[in-house]
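# Structural overview
Residue-level listing of the chains:
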Amino acid sequence: MHDISKEYKENFAGKPPRLSQVEMTELVLPNDTNLLGNLLGGRLMHWIDIAGAMAASRHSNKIVATVALDSLDFRHPARMGELVMLKAKLTWVGTTSMEVKVNAYAENLKTGSVILTNQAYITFVALDSEGKPTPVPPLILETEEEKREFEEAEERRAERLKRRQRG
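Residues numbered from 1 in each chain as written. Predicted model: local features only at pLDDT ≥ 70, side-chain atom pairs only at ≥ 80, totals over all residues. Heavy atoms only, no water.

What follows concerns the sheet that holds strand β2 (residues 63-74). Spatially, β1-β3-β4-β5-β2 is the arrangement adopted by the 5 strands of the open sheet, whose pairing is antiparallel. At either margin of the open sheet sits one strand with a lone partner, and together these are β1 (22-27) and β2. With strand direction ignored, the average angle separating the axes of adjacent strands in the sheet is 25°. In the sheet, strand β4 (residues 97-107) pairs with strand β5 (residues 114-127) via 11 bridges, with the strands oriented antiparallel. If you follow Y105 over to β5, its bridge partner there is L116. Sheet contacts for helix α2 (residues 41-60): β1, β2, β3 (83-93), β4 and β5; angle to β3, the most-contacted strand, approximately 45°. (Pairing = 2+ DSSP bridges. Helix = DSSP H or I, 4+ residues; strand = E, 2+ residues; numbered from the N terminus. Axes fitted to C-alpha atoms, helices over the stretch in contact; angles between N-to-C directions. Contact = heavy atoms within 4.5 Å.)

If you trace the backbone, D49 turns up in helix α2. In the structure, D49 is positioned 72 residues away from Y121 in sequence and 9.8 Å away in space, judged by C-alpha atoms. Other than its neighbours up to four places away in sequence, D49 contacts T66, I122 and F124.

Any aromatic ring pair is given by two values, namely how distant the centres are and how the planes are angled relative to each other. Taken as a whole and judged by the stated rule, the model has 0 aromatic pairs. Lying across the ring of Y105, K87 places its NZ or CZ 5.4 Å from the centre. Above the ring of Y121, the side-chain terminus of R156 is found at 3.6 Å from the ring centroid. (Phe/Tyr/Trp six-rings, centres within 6.5 Å; stacked < 30°, edge-to-face > 60°. Lys NZ or Arg CZ within 6 Å of the ring centre and 35° of its normal.)

Where empty space is left becomes clear once a probe the size of a water molecule has been rolled over the atoms. In this structure, the largest pocket occupies an estimated 200 Å³ of space. If you trace the largest pocket, you find it lined by V67, T95, T96, S97, T123, V125, R157, R160, L161 and R164. Looking at the lining of the largest pocket, the elements with two or more residues in it are β5 and α3 (144-166). In terms of residue count, the dominant contributor to the lining of the largest pocket is α3 (4 residues). Class assignment for the residues of the lining of the largest pocket results in 3 nonpolar, 4 polar and 3 charged. Quantified by volume, the second largest pocket comes out at close to 170 Å³. Along the walls of the second largest pocket sit Q21, V22, E23, K87, A88, K89, K101, N103, Y105, E145 and E149, which together make up its complete lining. Its residues placed into classes, the lining of the second largest pocket shows 3 nonpolar, 2 polar and 6 charged. (1 Å grid on protein atoms, 1.4 Å probe; cavity = no way out; pocket = protein on both sides within 12 Å on 5 of 7 lines; lining within 4 Å. Points joined across faces, edges and corners; volume = space filled by probe spheres on them. Nonpolar A, V, L, I, M, F, W, Y, C, P; charged D, E, K, R; others polar.)

Next up on the list: the nonpolar core. The nonpolar side chains of soluble globular proteins are, as a tendency, buried together. The biggest cluster of nonpolar side chains holds 32 residues, and the ones touching the most others in it are L44, I48, V84, L86, M98, V100 and V102. Counting residues per element, the ones that place at least two in this core are β1, α2, β2, β3, β4, β5 and α3. (Core = buried A, V, L, I, M, F, W, Y, C linked by side-chain atoms within 4.5 Å. Buried < 20%, exposed > 50% of the residue type's maximum accessible area, 1.4 Å probe, protein only.)

Here the structure, examined in full by the defined rule, presents 11 salt bridges. A salt bridge links R156 to E99; the nearest nitrogen and oxygen atoms lie 2.7 Å apart. A residue pair is termed long-range when its members are at least 10 positions apart, and R156 in helix α3 and E99 in strand β4 qualify at 57 residues. Between R148 and E152 there is a salt bridge; the shortest N-O distance is 3.1 Å. Here R148 and its partner E152 are both found in helix α3, 4 residues apart, which amounts to about one turn of the helix. You can call R148 partly exposed: its relative accessible area is 39%. The partly exposed category is assigned to E152, whose relative accessible area is 28%. The structure contains a network of salt bridges with shared partners spanning D70, R160 and R163. (Salt bridge = Lys/Arg side-chain N within 4 Å of Asp/Glu carboxyl O.)

In structure tokens:
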């Protein structure tokens, strides 16, 4: 098998995370909630996946597919009538795959208070026109926080690959 990693890095201009980040806002409506008036976890996961995919597509300029969800923390419920703001930003890029961190915040429109409700790390793979994995531009890290997030993402990737081998 041909190793394209060196070749793709030499032939692709990299992009910093700020160029592909996505912010998306949703209003929590009655159809989005459970019997307690809290946002359904599945609905939130759907929104998180969409925001993450948009950031990954923006970075790669390709259609992407979700391949892994490493973590999704439910810290605080979002309630009916609140806004949910999703902020998606790339944290790591490999040859064909990308990790995106998505933070979800709930804003109470009556009080103006905003709280972090959820955080997720999702891995996407870029696909070519035939649906096959295709190389993506490298990630240009500009800040110390981005460098730290990149290292943490590599640790999550190593753990994910270990789990896959155990099988």
